[in-house]
Amino acid sequence: MNASSVDYLRMELKEPLEHPDWAACEQTGMEVVRWLVRHHVTLSEQPIGRTGSREQVEALLGGPAPEHGRAFAEVLQEFTNKVMPNAFKTNHPRFLAFIPGAPNFPSILGELLCAGTNFFAGVWLEAAGPSQVELTVLEWFRVLLGMPAGTSGILTSGGSEANLTALTVAREPLSFQDRERAVLYVTEQRHWSVDRAAKIIGLRPEQIHPVPADQDFRLTPEALRKAIQQDRSATRLPWAVVANAGATNTGVVDPLESLSGLCRDEKVWLHVDAAYGWSAMLTPEGRRELEGIGDCDSVTLDPHKWFGQCFESGCLLVREGKRLAETFTLRPEYMQDVEPETDQINFCDQGIALTRRFRALKLWLSVKVLGLDWHRELVSRSCQLAELSQALLEQHPEFEILCPRHLSIVCFRYRPVEGGGDGERRRGGDENSSRLRLSEEELDSLNLSIVDELRATGKAFISSTRLRGRVALRFCFVNWRTTAADVEEVVRLLLEIGKTLSSERAG
Ligand SMILES: Cc1ncc(COP(=O)(O)O)c(C=O)c1O
């Protein structure tokens, strides 16, 4: 390159690329924060959301990338008018479907700071402070779960990544021959991310052994022992078990203490999927339910479920912590400068991602600002809300509890009664005597329609599942905003919709 070209480039690159000026950034930033606060203040009164068809939403939001930009305020308006109405607010107090997410405001600000600083939380060299914050948060969780010193972990995008990471770590010591005959035991009540993780790590379908749950939807040591013995006598290699601490369907916790004893005796890895239920460890009742969780080999916990965090807050803890780095550490040449000291952690060595955001920040802020006691209160009031919902459902003969409250989940269905019911459960009577004789298929169809109708009101959102093949409606409480009045309103709406739909069908 000649001297004049160098001079030309020097002049061309004298200033940074043009970017909105900082006064404008401050103004738009404040506008966004004000927008968010307004959104949160009015959330309970807002419609819960809606789903547009692909055609409608594409017509609103499709189109080519613009070559030239526009004012931030205009694009924010577009977001408000076109994006916002076409989504459900999972943090709405009457969004009780699936496992919702309702972040507290310190967590939201943590996300903002995380994005705004954009630290690279993959290697210690680049982010000692953020890495230490992640270690500190992981240590909080280790202590809460009662896992031993030497446990390590990593914050993940969520429970799916944590389950995948756990199975990858558990499989690492197996020889390639043993991987072919290794068997993974799962409960019929597992979350489907376990099946996907098994698929990703290359297990064949016949290497997954579903163990039937008992009548309370639990994986029992007896059933597990039988399954392991069967496989041993067929010269397969019992390798790992995934148990639930808070099943997605029902909230049920498997008997972790006895399962961990069995797995230890059988030399089988025990992974506990506590993505939803782990927060119950904050309360005495929850600790009793989850007794034994600290003895497992690995555990998935999702703070974005029941710990007031923004999405993409998952976590994996592994009892023999060094196994994480043994599984994932690779050193290509261009990473030779980031070799950590022995007492330092490169989080890219602990899991799947290299480039990682500073996920720990929102958790750290949330706990530091609100205290662990706020999170504990969140858990205990969620359980009380579930208890209240069950009590309200039980007041009406039209509702049948299909799985009573476990943690903060209740499963039930609507079953019409003759004469539309008198609104109160008849004391001492045979509650089945006044049931209308609908077939199970008719009941399934009625309950699925109730879910759709409730959602269409824009006032509440619950989801359905199947328990022993039958459609069940489900409440899941994890939201700090939900109140007793919200629960009463949802039960009232369900009753009203149930009555209308069943009389329409009867007529
Ligand atoms: C028990 C359980 N495990 C795993 C997952 C998957 O977690 P994520 O959605 O964070 O990937 C869920 C999600 O609901 C869950 O309930």
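Conventions adopted
Residues numbered from 1 in each chain as written. Predicted model: local features only at pLDDT ≥ 70, side-chain atom pairs only at ≥ 80, totals over all residues. Heavy atoms only, no water. Near = heavy atom within 4 Å. Polar contact = N/O pair within 3.5 Å; in protein donor to acceptor, adjacent residues only side chain to side chain. Areas by Shrake-Rupley, 256 points an atom, 1.4 Å probe, with all protein chains shown as cover. Helix = DSSP H or I, 4+ residues; strand = E, 2+ residues; numbered from the N terminus. Nonpolar A, V, L, I, M, F, W, Y, C, P; charged D, E, K, R; others polar. Core = buried A, V, L, I, M, F, W, Y, C linked by side-chain atoms within 4.5 Å. Buried < 20%, exposed > 50% of the residue type's maximum accessible area, 1.4 Å probe, protein only. Domains from an automatic or database assignment. Contact = heavy atoms within 4.5 Å. Axes fitted to C-alpha atoms, helices over the stretch in contact; angles between N-to-C directions. Parallel < 35°, antiparallel > 145°, perpendicular 65-115°, else oblique. Left-handed = near helix turned anticlockwise from the far one by under 90°. Pairing = 2+ DSSP bridges. Salt bridge = Lys/Arg side-chain N within 4 Å of Asp/Glu carboxyl O. Buried area = accessible area lost by both parts, 1.4 Å probe.

### Section: the site of the ligand
So, step 1. Inspection of the region around the ligand gives 13 residues, with G159, S160, D273, D302 and H304 positioned closest.
So, step 2. Interatomic distance of 2.6 Å between a side-chain N/O atom of S160 and an oxygen atom of the ligand.
So, step 3. In the model, an oxygen atom of the ligand is placed 3.2 Å from a nitrogen or oxygen of the K305 side chain.
So, step 4. Its free accessible area being 390 Å², the ligand has 84% of it covered by the protein chains.
So, step 5. Secondary structure elements with two or more residues in the shell around the ligand: α7 (159-171) and α13 (303-306).
So, step 6. The class makeup of the residues in the shell around the ligand is 2 nonpolar, 8 polar and 3 charged.

### Topic: the nonpolar core
So, step 1. One finds F141, L145, L184, L224, W239, I293 and V299 to be the most contacted residues of the largest nonpolar core, which totals 89 residues.
So, step 2. A per-element tally of this core places helix α15 (residues 360-394) first, with 8 residues.
So, step 3. Per-domain counts for this core show at least three residues from each of domain 1 (22-50 + 88-103 + 372-422 + 435-507) and domain 2 (119-356).
So, step 4. Beyond its immediate sequence surroundings of up to four residues, I293 is in contact with L145, A245, L256, V272, A274, M281 and V299.
So, step 5. Counting residues in each nonpolar core, the second largest holds 26 residues, with L385, V487, V491 and L501 among its members.

### Looking at the environment of L393
So, step 1. Structurally, L393 can be placed in helix α15.
So, step 2. Between the alpha carbons of L393 and L495 there is a distance of 9.1 Å; along the sequence they are 102 residues apart.

### Concerning the environment of P85
So, step 1. The residue P85 is located in the loop between α4 (72-83) and α5 (105-117) in this model.
So, step 2. Residue P85 is classed as partly exposed on the basis of its relative accessible area of 25%.
So, step 3. For the pair P85 and G52, spaced 33 residues apart in sequence, the C-alpha separation works out to 9.0 Å.
So, step 4. The contact partners of P85, leaving out residues within four places of it in the chain, are R50 and T80.

### Looking at the packing of α5 against α15
So, step 1. Where α5 contacts α15, the axes come no closer than 8 Å and their chain directions differ by 140°. Relative to α15, α5 is oriented oblique. By crossing handedness, the relation of α5 to α15 is classed as right-handed. Contacts from P106, S107, L109, G110, E111, L113 and C114 of α5 reach α15 at L361, K362, L365, S366, V369 and L370.
So, step 2. Residues of the contact of α5 with α15, tallied by class, amount to 8 nonpolar, 3 polar and 2 charged.

### Some remarks on the pairing of strand β3 (residues 208-211)
So, step 1. Sheet topology note: the strand β2 (residues 182-187)/β3 ladder contains 4 bridges and is parallel. Note on β3: the bridge partner recorded for T187 is V211.

### Describing the sheet that holds strand β6 (residues 298-301)
So, step 1. The mixed open sheet is built from 7 strands, whose spatial order is β1-β7-β6-β5-β4-β2-β3. The sheet is open, and its two edges are formed by β1 (152-156) and β3, each paired on a single side. Across this sheet, the average inter-strand angle for adjacent strands is 20°, counted without regard to direction.

### Quick word on the packing of helix α10 (residues 221-233) against helix α11 (residues 256-266)
So, step 1. Where α10 contacts α11, the two axes come as close as 10 Å, and the packing angle between them is 20°. Regarding the angle of α10 to α11, the classification is roughly parallel. For the element pair α10 and α11, the recorded crossing hand is right-handed. Residues P221, L224, R225, I228 and R232 of α10 form the contact with α11, whose own contacting residues are S258, L259, L262, C263 and E266.
So, step 2. Looking at side-chain class alone, the contact of α10 with α11 contains 6 nonpolar, 1 polar and 3 charged residues.

### Some words on the pattern of salt bridges
So, step 1. In this structure the tally under the stated criterion is 33 salt bridges.
So, step 2. Salt-bridge contacts for K362 lead to E111; the nearest nitrogen and oxygen are separated by 3.3 Å. Highlighted residues: K362 in helix α15 and E111 in helix α5, separated in sequence by 251 residues.
So, step 3. For E400, the salt bridge goes to R413, with nearest N and O atoms at 2.8 Å. In this pair, E400 is assigned in strand β8 (residues 399-406) and R413 in strand β9 (residues 409-414), connecting sequence segments 13 residues apart. Residue E400 shares its accessibility class with R413, and that shared class is buried.
So, step 4. A single network of salt bridges, built from pairs that share partners, joins E400, R413, R415, E440, E441, D444, R466 and R470.

### Side note on the domain arrangement of the chain
So, step 1. Domain annotation of the chain identifies domain 1 (22-50 + 88-103 + 372-422 + 435-507) and domain 2 (119-356).
So, step 2. Summarising the inter-unit geometry, the C-alpha centres of domain 1 and domain 2 are found 30 Å apart.
So, step 3. Each side of the interface is counted separately: domain 1 has 30 residues, and domain 2 has 29 residues.
So, step 4. At the boundary of domain 1 with domain 2, total buried surface from both sides reaches about 2,400 Å², with 66% on carbon and sulfur atoms.
So, step 5. Counting across the interface, domain 1 meets domain 2 through 1 salt bridge.
So, step 6. A salt bridge links R405 to E285; its shortest N-O distance comes to 3.1 Å.
So, step 7. Viewed at the interface, domain 2 and domain 1 are joined by 8 residue pairs in polar contact (both at pLDDT 80 or more).
So, step 8. Contributions of two or more residues to the side of domain 1 that touches domain 2 are made by α15, β8, β9, β10 (463-467) and β11 (470-476).
So, step 9. With 8 residues, α15 is the largest single contributor of residues to the side of domain 1 that touches domain 2.
So, step 10. Residue composition of the side of domain 1 that touches domain 2, by class: 17 nonpolar, 8 polar and 5 charged.

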